[in-house]
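A structural walkthrough
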Amino acid sequence: MKSFKQAFESFCKKNSIKKNNEQLDLVEKFEEFDAIIKQDKTLLKKLFSKAPVQLGYYIHGDVGVGKTMICNEFYQYLDTKKKKTHFNKFMIEVHDYLQQNQKNDKAENLLTQYARALKEKIDFLYFDEFQVTNIVDAMILGKLFESLFDEKIFILITSNIKINDLYKDGLQREQFLPFLKVIKEKIHEYELKGDVDFRKQDVTKINRFFYPNDKKALSSINQLFRKLTKDRKKLQKEIIIRGRKFPLEQFYDGVARFDFKELCDQNLGAEDYIEIAKFCKFIIIENIPNFHEGIANQQQRFITLIDVFYENRIKLMVSSKTSLEDISSASALEFVFKRTKSRLYELTSPMVT
């Protein structure tokens with residue numbers, strides 16, 4: 001069997017990807033990580049109850065340096081019981097488990113039980129683009145990850161944010177500190193550096209991001225929308241999540257059209273966007289605003305929405321007040337919004353026919 005380094009070399013050659021020394025250094029570290037995972041399966045390892053000190057990697061770096069590309073290839077390469085998940089989706093599953101079993105035990109015990117149940121299914125858990133944005137998650141992450149590590153579940157995380165900057169300035173951040181302690185004790189933190197955003201290399205060919213919001217942009221969107229829906233029937237579609245009803249007013253068998261306010265002015269979250277993504281393969285979002293402190297909540301929903309759509313490879317057509325490069329941000333979200341912009345570049349790139 002090829003080593004991971006050999007497999008990555010083949011992947012780069014096949015896809016004409018230029019690699020750099022920083023990326024190759026991470027690839028070598030993943031080879032060592034793979035050896036530890038394989039060792040954990042051996043009879044000799046099973047004779048010892050103590051887990052290895054480090055059970056994973058937390059990879060952070062700016063958008064486009066290749067961290068997701070390398071981690072995705074490593075995940076595909078691994079020969080073990082594994083799961084890749086979006087962090088928001090994973091936390092929805094955790095909260096559902098707690099809610100369904102809250103009458104049976106305390107939350108801390110339930111988190112331990114959840115980790116044990118998960119261990120029966122997987123040995124390796126991969127979170128792409130990890131971020132913490134709400135107090136409900138922040139309060140339980142410490143005990144949750146302590147339980148995952150106790151079960152010897154290996155964990156791989158990618159993020160644009162350093163561990164110490166997670167949930168920075170968040171509400172009651174002191175309740176998040178146990179998570180920071182356990183994550184720094186149990187996994188390696190690695191910064192992948194680079195100055196190339198691979199997802200923006202074809203930026204000059206983008207033709208589905210329209211600005212400013214004028215008659216010309218609206219005419220172009222209407223024209224493309226008619227082309228997309230020409231042979232599709234308009235359907236009455238209503239999504240129901242936890243009793244909340246969300247109608248898809250303009251839904252044509254996999255193609256949907258929304259105004260920004262429909263998706264981000266309402267009290268919607270990751271689970272709603274995940275449900276929308278199940279039914280839509282091409283989505284139009286009109287009238288994206290310039291963000292600022294006054295609409296920070298709407299911006300956070302937009303960030304979550306783009307993360308979900310990216311994970312589900314939804315193709316987008318959007319209109320905005322300004323160019324993508326010039327969309328402003330609430331100051332607290334400015335750093336993480338870099339990733340959102342980069343993902344928008346990819347999701348609005350020309351559709352392959």
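Nothing here was measured: the structure is a model prediction, and the numbers come from that model.

1. A few points about the overall build of the chain
On a plain count of helices and strands, the chain comes out with 13 helices and 12 strands. At 22 Å, the chain has a C-alpha radius of gyration in line with the 20 Å of a compact globule built from 353 residues. Dimensions of the chain, computed from C-alpha atoms along their principal axes, come out at roughly 70 × 55 × 40 Å. In the chain, which comprises 353 residues, the share counted as buried stands at 49%. Within the chain, contacts between residues separated by at least 24 positions form 80% of all contacts whose residues are at least 6 apart in sequence. Put simply, the chain shows about 18,300 Å² of open surface, and 48% of that area lies on carbon and sulfur atoms. Of note, the chain has its 60 positive side-chain charges centred 4 Å away from the centre of its 51 negative side-chain charges.

2. Considering the packing of helix α6 (residues 107-119) against helix α7 (residues 135-150)
Axis angle and axis distance: for two packed helices, these are the angle between their axes and the distance between the axes, and together they describe the pair. Close contact between α6 and α7 brings their axes to 8 Å; oriented N to C, the two are set at 40 degrees. By the criterion of interaxial angle, the relationship of α6 to α7 is oblique. For the element pair α6 and α7, the recorded crossing hand is right-handed. Residues Glu108, Leu111, Thr112, Tyr114, Ala115 and Leu118 of α6 form the contact with α7, whose participating residues are Ile140, Lys143, Leu144, Ser147 and Leu148. Split into classes, the residues belonging to the contact of α6 with α7 amount to seven nonpolar, two polar and two charged.

3. With respect to the packing of helix α5 (residues 87-101) against α6
Interhelical geometry of α5 versus α6 gives an angle of 120 degrees and a closest axis separation of 10 Å. Compared by their axis directions, α5 and α6 come out oblique. The way α5 lies across α6 gives a crossing that is right-handed. Counting all contacts with α5, which are made through Phe90, Glu93, Val94, Tyr97, Leu98 and Asn101, the residues of α6 involved are Ala107, Leu110, Leu111, Gln113, Tyr114 and Leu118. Split into classes, the residues belonging to the contact of α5 with α6 amount to nine nonpolar, two polar and one charged.

4. A short note on the packing of aromatic side chains
Counted under the stated rule, the structure contains 34 aromatic pairs. Seen in terms of ring centroids, Phe4 and Phe30 are 6.3 Å apart; in terms of plane orientation they differ by 50 degrees. Their pairing is tilted. Of this pair, Phe4 sits in helix α1 (residues 4-14) while Phe30 sits in helix α2 (residues 21-39), and the two are 26 residues apart along the sequence. Among the aromatic residues, those joined into a ring-pair cluster are Phe4, Phe8, Phe11, Phe30, Phe33, Tyr57, Phe74, Tyr75, Tyr77, Phe124, Tyr126 and Phe154.

5. Considerations on the sheet that holds strand β5 (residues 188-191)
With parallel pairing, the five strands of this open sheet are ordered in space as β2-β3-β4-β1-β5. Only two strands of the sheet have a single neighbouring strand rather than two, namely β2 (82-86) and β5. Across the sheet, the axes of successive neighbouring strands diverge by a mean angle of 15 degrees, strand direction being ignored. Note: β2 against strand β3 (residues 124-128), five bridges, orientation parallel. Within the sheet, the bridge partner assigned to Lys83 lies in β3 and is Leu125. Across the sheet, α2 lies against β1 (56-60), β3, β4 (154-159) and β5, angled at about 160 degrees from β1, the strand it touches most. Contacts from α5 reach β2 and β3 within the one sheet, and its direction differs from that of β2 by about 105 degrees.

6. Quick notes on the nonpolar core
Membership of the largest hydrophobic core comes to 63 residues, with the highest contact counts inside it found for Phe30, Phe90, Phe124, Phe130, Leu144, Phe145 and Leu148. Residue contacts for Phe124: discarding those within four places in its chain leaves Phe33, Ile37, Phe74, Tyr75, Leu78, Thr80, Lys81, Lys82, Lys83, Ile153, Phe154 and Leu156. Core analysis: the second largest hydrophobic core is formed by 42 residues, Ile241, Phe260, Ile276 and Val318 among them.

7. So, helix α8 (residues 177-186)
The α-helix advances 3.6 residues per turn, and as a result positions three or four apart in sequence lie on the same side. Taken together, the buried positions of α8 are occupied by Phe179, Leu180, Val182 and Ile183. Contact partners of the buried residues in α8: α7 and β4.

8. Re the sheet that holds strand β6 (residues 209-210)
If you walk across this open sheet you meet the five strands as β6-β12-β11-β10-β9, and the pairing is mixed. Because the sheet does not close on itself, it has two edges, and the strands there are β6 and β9 (251-252). Two elements, β6 and strand β12 (residues 315-320), share two bridges in a ladder whose sense is parallel. Looking at the pairing, Phe209 lines up with Val318 of β12. Together, β6, β9, β10 (255-259), β11 (282-288) and β12 form the strand contacts of helix α9 (residues 215-229), whose direction differs from that of β10 by roughly 155 degrees.

9. With respect to the pattern of salt bridges
Summed over all chains, the structure comprises 16 salt bridges. Ionic pairing is found between Glu346 and Arg313, a salt bridge with its closest N-O pair at 2.5 Å. In this pair, Glu346 is assigned in helix α13 (residues 334-347) and Arg313 in the loop between α12 (296-311) and β12, connecting sequence segments 33 residues apart. Taking the relative accessible area as the measure of exposure, Glu346 reaches 23% and is therefore partly exposed. Linked through salt bridges whose partners overlap, the residues forming this network are Asp128, Asp307, Arg339 and Arg343.

Conventions we followed
- Residues numbered from 1 in each chain as written.
- Predicted model: local features only at pLDDT ≥ 70, side-chain atom pairs only at ≥ 80, totals over all residues.
- Heavy atoms only, no water.
- Helix = DSSP H or I, 4+ residues; strand = E, 2+ residues; numbered from the N terminus.
- Rg over C-alpha atoms; globule rule 2.2 N^0.38 Å.
- Buried < 20%, exposed > 50% of the residue type's maximum accessible area, 1.4 Å probe, protein only.
- Contact = heavy atoms within 4.5 Å.
- Areas by Shrake-Rupley, 256 points an atom, 1.4 Å probe, with all protein chains shown as cover.
- Lys, Arg positive; Asp, Glu negative; His and termini not counted.
- Charge placed at Lys NZ, Arg CZ, Asp CG, Glu CD.
- Axes fitted to C-alpha atoms, helices over the stretch in contact; angles between N-to-C directions.
- Parallel < 35°, antiparallel > 145°, perpendicular 65-115°, else oblique.
- Left-handed = near helix turned anticlockwise from the far one by under 90°.
- Nonpolar A, V, L, I, M, F, W, Y, C, P; charged D, E, K, R; others polar.
- Phe/Tyr/Trp six-rings, centres within 6.5 Å; stacked < 30°, edge-to-face > 60°.
- Pairing = 2+ DSSP bridges.
- Core = buried A, V, L, I, M, F, W, Y, C linked by side-chain atoms within 4.5 Å.
- Salt bridge = Lys/Arg side-chain N within 4 Å of Asp/Glu carboxyl O.

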